[in-house]
Amino acid sequence: MPKIVLTDVTKRWGGFFGVDHLSMEIEDNGFVTLLGPSGCGKTTTLRMIAGLETPTSGKIQIGDKIVFDSEEGINVSAANRHVGFLFQNYALWPHMTVYKNITFGLQELKDDMPLIDSAYLKYLGLSNTVLNVVDIKKFLGYAVDKKGKVDKDKALLFLIDGFKISMSAAKELFDLHLDEKSIEEAKSISEAKSKEFLDKANAIKAQDEAKGIHLNEKGEYIDEQGSVIHKVRKLDKEEIDLRVRHVARIVHIGEFMDRYPSELSGGQQQRVAIARTLAPGPKVIFMDEPLSNLDAKLRLEMRSELKRLHMDTGSTFVYVTHDQQEAMTLATRICLINNGVLQQYEPPLDVYKKPNNLFVADFKEGISS
């Protein structure tokens, strides 16, 4: 994940300075909270890094790419900065299911990506997965209802999460009904099916080669030198489903895919918003007071979730809050701003124990109380 560097960044409206000559460096995989009173410039700073606000002057770099430079006339659009946004308002589409809310942006995503053959990868993966008879029977067993019958929807979810596969792949496994077979019979079926899946994968690869397309072990198109071929393209249906299932596992919402936002609690809606933000694979995730709409108990729970999410994804988080306790709990570094001017930028305990000035010391007293 990239490092973010702000150099002498200023945002001015006439004679009023929203942000005044701000310079700071956000390390890759950092969790930085922008903290300060209302109107101090923290949200403006976030929006300038994200590309939603144009600085008056200065320079902003994300990774090895300069996304804004007033002197060079560079201003990369928000859509091309590969960042994700999570705001106070979840902005979920009420007429769409959770699944469709997450896929909405993915369907229009167009980026420079390796060309792959998803069908080849699916059947190659299934040829190995289907041999895990004990685990398949175990996951199907988890989905048995009170009447002793397997609930298909639950079973598919257990297969998807247990093997990290797509819905279409899970259906192929479910349709074998290995739960109804003895272990010996199930193994015999799985071995035969493994060969069938492998034959399908090889047939797809042969068809590709007949068209002059060569695949590596990851299902990627390669040229004669063995280099992976990239192209600006959209994701196919299988790729989209795998991404949705992946982020659903991260935020624990797999069971809600067919529900509508109105059928979810506030915390569940927030998880959906997080999943939608993560799905495109952003380099950096920006959050503007995302927990302020939740009650106190739920805020505490979601703080822990965000901390876990940061560790699981390895992403760089930039988080705006006016809540001092929240900043101390979540951040690897706190950026304290007042009247558009950086007051202190250090790890939470350093800010607490070694305040730079009276403003920061007053912040410390707020924590103590």
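Higher on the page you've got the structure.
In this text, all values refer to a predicted model and were calculated from it rather than measured experimentally.

Colleague: Explain the overall build of the protein chain to me, please; I cannot follow it from the model alone.
Modeller: Tallying secondary structure elements over the protein chain gives 13 helices and 15 strands in all. For the protein chain, long-range pairs separated by at least 24 residues make up 67% of all intrachain contacts whose partners lie at least 6 apart in sequence. Here the protein chain displays about 18,400 Å² of accessible surface, and carbon together with sulfur accounts for 50% of that area. Looking at the protein chain, you have 48 positive and 53 negative side-chain charges, and the mean spots of the two groups are 3 Å apart.

Colleague: I keep staring at the state of the cysteines and nothing clicks. Help me out?
Modeller: Any covalent bond linking the sulfur atoms of two cysteines counts as a disulfide. Applying the stated criterion across every chain, the model contains zero disulfides. Here cysteine 40 stays free of any disulfide, with the sulfur of cysteine 335 as its closest cysteine sulfur at 8.6 Å.

Colleague: What exactly am I supposed to notice about the nonpolar core here?
Modeller: Across soluble globular proteins, nonpolar side chains show a tendency to be buried alongside one another. Residues Ile102 and Ile253 are the most contacted members of the largest nonpolar core, which totals 37 residues. For this core, the secondary-structure elements that each account for two or more residues are helix H2 (98-108), helix H8 (237-251), helix H9 (266-278), strand S12 (284-288), helix H10 (296-313) and strand S13 (316-321). Counting residues per element, this core draws most heavily on H8, which supplies six residues. The contact partners of isoleucine 253, leaving out residues within four places of it in the chain, are Val98, Ile102, Ala248, Arg271, Val272 and Ala275.

Colleague: What should I look at first to understand the packing of aromatic side chains in this one?
Modeller: The description of two aromatic rings rests on the distance between their centres and on the angle between their planes. Under the counting rule described, the total for this entry stands at nine aromatic pairs. Note on tryptophan 13 and phenylalanine 16: the rings are 6.2 Å apart at their centroids and 25° apart in plane angle, and the pair reads as stacked. Taking the relative accessible area as the measure of exposure, tryptophan 13 reaches 40% and is therefore partly exposed. Ring geometry for phenylalanine 139 against phenylalanine 163: centres 5.1 Å apart, planes inclined by 80°, an arrangement best described as edge-to-face. Pair noted here: phenylalanine 139 is in helix H4 (residues 133-142) and phenylalanine 163 is in helix H5 (residues 152-163), with a separation of 24 residues, a long-range link. Assessed through its relative accessible area of 17%, phenylalanine 163 is described here as buried. The rings of Phe139, Tyr142, Phe158 and Phe163 are connected pair by pair, giving a single aromatic cluster. The ring of tyrosine 345 is capped by arginine 333, whose NZ or CZ atom sits 4.4 Å from the centre of that ring.

Colleague: Sorry if this is basic, but what is going on with the packing of H4 against H5 here?
Modeller: In a pair of packed helices, the angle between the axes and the distance between the axes together describe the arrangement. Direction vectors running N to C along H4 and H5 enclose 140°, while the axes themselves pass 8 Å from each other. When the axes of H4 and H5 are compared, the pair comes out oblique. Crossing hand, H4 versus H5: right-handed. Judged by residue contacts, Asp135, Ile136, Phe139, Leu140 and Tyr142 of H4 engage Ala155, Phe158, Leu159, Gly162 and Phe163 from H5. Split into classes, the residues belonging to the contact of H4 with H5 amount to eight nonpolar, one polar and one charged.

Colleague: How should I be thinking about the sheet that holds strand S3 (residues 31-35) in this particular structure?
Modeller: In a beta sheet, neighbouring strands are held together by backbone hydrogen bonds and run either parallel or antiparallel to one another. Within the open sheet, the six strands sit side by side as S7-S12-S13-S3-S14-S15. Their pairing is mixed. Each edge of the sheet is formed by a strand with only one pairing partner; in this case those strands are strand S7 (83-87) and strand S15 (341-346). Ignoring which end each strand starts from, the neighbouring axes of this sheet average 15° apart. The sheet contact formed by strand S14 (residues 333-338) and S15 spans five bridges and is antiparallel. Its bridge partner lying in S15, isoleucine 337 is registered against leucine 342.

Colleague: What is the right way to read the packing of H5 against helix H6 (residues 167-174) from this model?
Modeller: Across the interface, H5 lies against H6 with an axial gap of 9 Å and an inter-helix angle of 115°. Put simply, H5 runs roughly perpendicular to H6. The element H5 and its partner H6 pack so that their crossing is right-handed. The segment H5 lies against H6, with Lys152, Ala155, Leu156, Leu159, Ile160 and Phe163 engaging Met167, Ala170, Lys171, Leu173 and Phe174. Taken together, the residues that form the contact of H5 with H6 break down as nine nonpolar, no polar and two charged.

Colleague: Quick question: what am I supposed to make of the side chain of threonine 44 here?
Modeller: As for its position among the elements, threonine 44 is in helix H1 (residues 42-50). Residue threonine 44 is classed as buried on the basis of its relative accessible area of 16%. Each residue touching threonine 44, except ones within four places of it in the same chain, is listed here: Lys11, Trp13 and Val19.

Colleague: Teacher, can you tell me more about H1 here?
Modeller: The periodicity of an α-helix, 3.6 residues per turn, causes residues three or four places apart in sequence to face the same way. Counted residue by residue, H1 has seven buried out of nine residues, so it is predominantly covered. Every buried residue of H1 is listed here: Lys42, Thr44, Thr45, Leu46, Met48, Ile49 and Ala50. Of the residues trailing H1, glycine 51 is marked for its positive phi of about 95°.

Colleague: Teacher, can you tell me more about the pattern of salt bridges here?
Modeller: Pairing is possible between side chains of opposite charge, provided their charged atoms come close. As enumerated under the stated definition, the model contains 17 salt bridges in all. The partner of glutamate 326 in a salt bridge is arginine 303, and the shortest N-O contact between them spans 3.6 Å. With glutamate 326 in helix H11 (residues 324-330) and arginine 303 in helix H10, the pair connects residues that are 23 residues apart, well separated along the chain. Here glutamate 326 falls in the buried class, since its relative accessible area comes to 4%. Since its relative accessible area comes to 9%, arginine 303 is described here as buried.

Conventions we followed
- Residues numbered from 1 in each chain as written.
- Predicted model: local features only at pLDDT ≥ 70, side-chain atom pairs only at ≥ 80, totals over all residues.
- Heavy atoms only, no water.
- Helix = DSSP H or I, 4+ residues; strand = E, 2+ residues; numbered from the N terminus.
- Contact = heavy atoms within 4.5 Å.
- Areas by Shrake-Rupley, 256 points an atom, 1.4 Å probe, with all protein chains shown as cover.
- Lys, Arg positive; Asp, Glu negative; His and termini not counted.
- Charge placed at Lys NZ, Arg CZ, Asp CG, Glu CD.
- Disulfide = S-S within 2.5 Å.
- Core = buried A, V, L, I, M, F, W, Y, C linked by side-chain atoms within 4.5 Å.
- Buried < 20%, exposed > 50% of the residue type's maximum accessible area, 1.4 Å probe, protein only.
- Phe/Tyr/Trp six-rings, centres within 6.5 Å; stacked < 30°, edge-to-face > 60°.
- Lys NZ or Arg CZ within 6 Å of the ring centre and 35° of its normal.
- Axes fitted to C-alpha atoms, helices over the stretch in contact; angles between N-to-C directions.
- Parallel < 35°, antiparallel > 145°, perpendicular 65-115°, else oblique.
- Left-handed = near helix turned anticlockwise from the far one by under 90°.
- Nonpolar A, V, L, I, M, F, W, Y, C, P; charged D, E, K, R; others polar.
- Pairing = 2+ DSSP bridges.
- Salt bridge = Lys/Arg side-chain N within 4 Å of Asp/Glu carboxyl O.

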